[in-house]
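# Structural overview
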Amino acid sequence: MLKPSHLTDEAANVLLGTPDERVYFIQSKRWIAYPKGVQILDHLSKMLKHPRTTRMPSLIVYGDSGMGKSMLVDKFMADCATGTGTDRAPNPNKVLVVELSGRPTERRLFSQILDAVDAPHSPRASIVDVERGAINILRNIGVQILVIDEIHNILAGSWREQRIVLNTLRFLSNELKVSLVCFGILEARDAINGDVQLARRFDAVTLPRWTAGKEFEQLVLAIVRNLPLREPSVLTVKGLRCVLQLSGGVSSRIFRMLNDLAIQAIETGEERITDMSIEKYQPVSENEVAFQ
């Protein structure tokens, strides 16, 4: 059986499965390449190859909730683990991801680093001991990039607490000669820029909401090609405009909409997404966060 030209190899293979298997594939979280995302991943891969110097290159990625920041983190980690990025050698220990949660403090940051490497630590330990333990472990396992996800949670702290956490991040970068990669919403920009010395180390990239244009068309095409439908989905400018309007240009909503429509197409036997089905689309919930 020839591979359908309208599908990727992966989607074509799933096409041979049962309807339930195809729906399961559609609902599974998976990476869809798009120009800005590929650019960011290439930049991160190059950072992995950077020699350890006094001032390591760092990156901060800003974007509204639902613009795919977490998916970029997951994709980068998967590439490092399997060696499928720019650097073909697996480097699972060179990158550590820490999600900044709760009210940020120096102790909480070091504790979250220890949690991320499954290192035991006592809540009664002094801040000096917690700091020393985190630094020794990061040095021993050879971490080169420290990823801080949800950096905007720093805003939950007072001005003084924000300064302490930012100073701690700068200290870690200096002490361990590691690159910092932060992901957060736009509101975190002022907090980062408040520490001039730290802000100067970061290249900043913004993930704006999608607007009408070639890149948006390429994104929709890439998503549709990865949906295991038997018939090609040919969308006109009218259909694309409707996707953009209904989603508000938010990546997670675009994915959710097209996934829902693909599942509907399987269940009804339509086996394709059409302009008409897009116009009739009604989301189950207004809280579209499945693909943040």
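Residues numbered from 1 in each chain as written. Predicted model: local features only at pLDDT ≥ 70, side-chain atom pairs only at ≥ 80, totals over all residues. Heavy atoms only, no water.

Another aspect to go through is the overall build of the protein chain. Assigned secondary structure in the protein chain consists of 13 helices and five strands. C-alpha atoms of the protein chain, sized along the principal axes, occupy 65 × 40 × 35 Å. Counting only residues that meet the buried cut, the protein chain has 48% of its 292 residues in that class. Pairs at least 24 residues apart make up 76% of the contacts formed inside the protein chain by residues separated by at least 6 positions. Split by element, the accessible area of the protein chain, about 14,600 Å² in all, is 51% carbon and sulfur. Taken as two groups, the 36 positive and 34 negative side-chain charges of the protein chain have centres that lie 6 Å from each other. (Helix = DSSP H or I, 4+ residues; strand = E, 2+ residues; numbered from the N terminus. Buried < 20%, exposed > 50% of the residue type's maximum accessible area, 1.4 Å probe, protein only. Contact = heavy atoms within 4.5 Å. Areas by Shrake-Rupley, 256 points an atom, 1.4 Å probe, with all protein chains shown as cover. Lys, Arg positive; Asp, Glu negative; His and termini not counted. Charge placed at Lys NZ, Arg CZ, Asp CG, Glu CD.)

What helix H2 (residues 19-27) keeps buried is the set Arg 22, Val 23, Phe 25 and Ile 26. Here the buried residues of H2 occupy an arc of 160 degrees about the axis, which is enough to place them on one side. Those residues of H2 that are exposed and aimed more than 90 degrees away from the buried face are Asp 20, Tyr 24 and Gln 27. Buried residues along H2 sit in contact with helix H1 (9-14) and helix H12 (251-268). (Arc of directions from axis to C-beta.)

Under the counting rule described, the total for this entry stands at eleven salt bridges. Linked through salt bridges whose partners overlap, the residues forming this network are Arg 22, Arg 230 and Glu 271. (Salt bridge = Lys/Arg side-chain N within 4 Å of Asp/Glu carboxyl O.)

Any region with low pLDDT has predicted coordinates that should not be read closely. Model confidence for the protein chain is summarised by a mean pLDDT of 89, while 93% of its residues fall at 70 or above. Low pLDDT (under 50) marks residues 288-292, which in the prediction has 22 contacts with non-local residues, meaning those over four places away or in another chain. (pLDDT = per-residue confidence, 0-100.)

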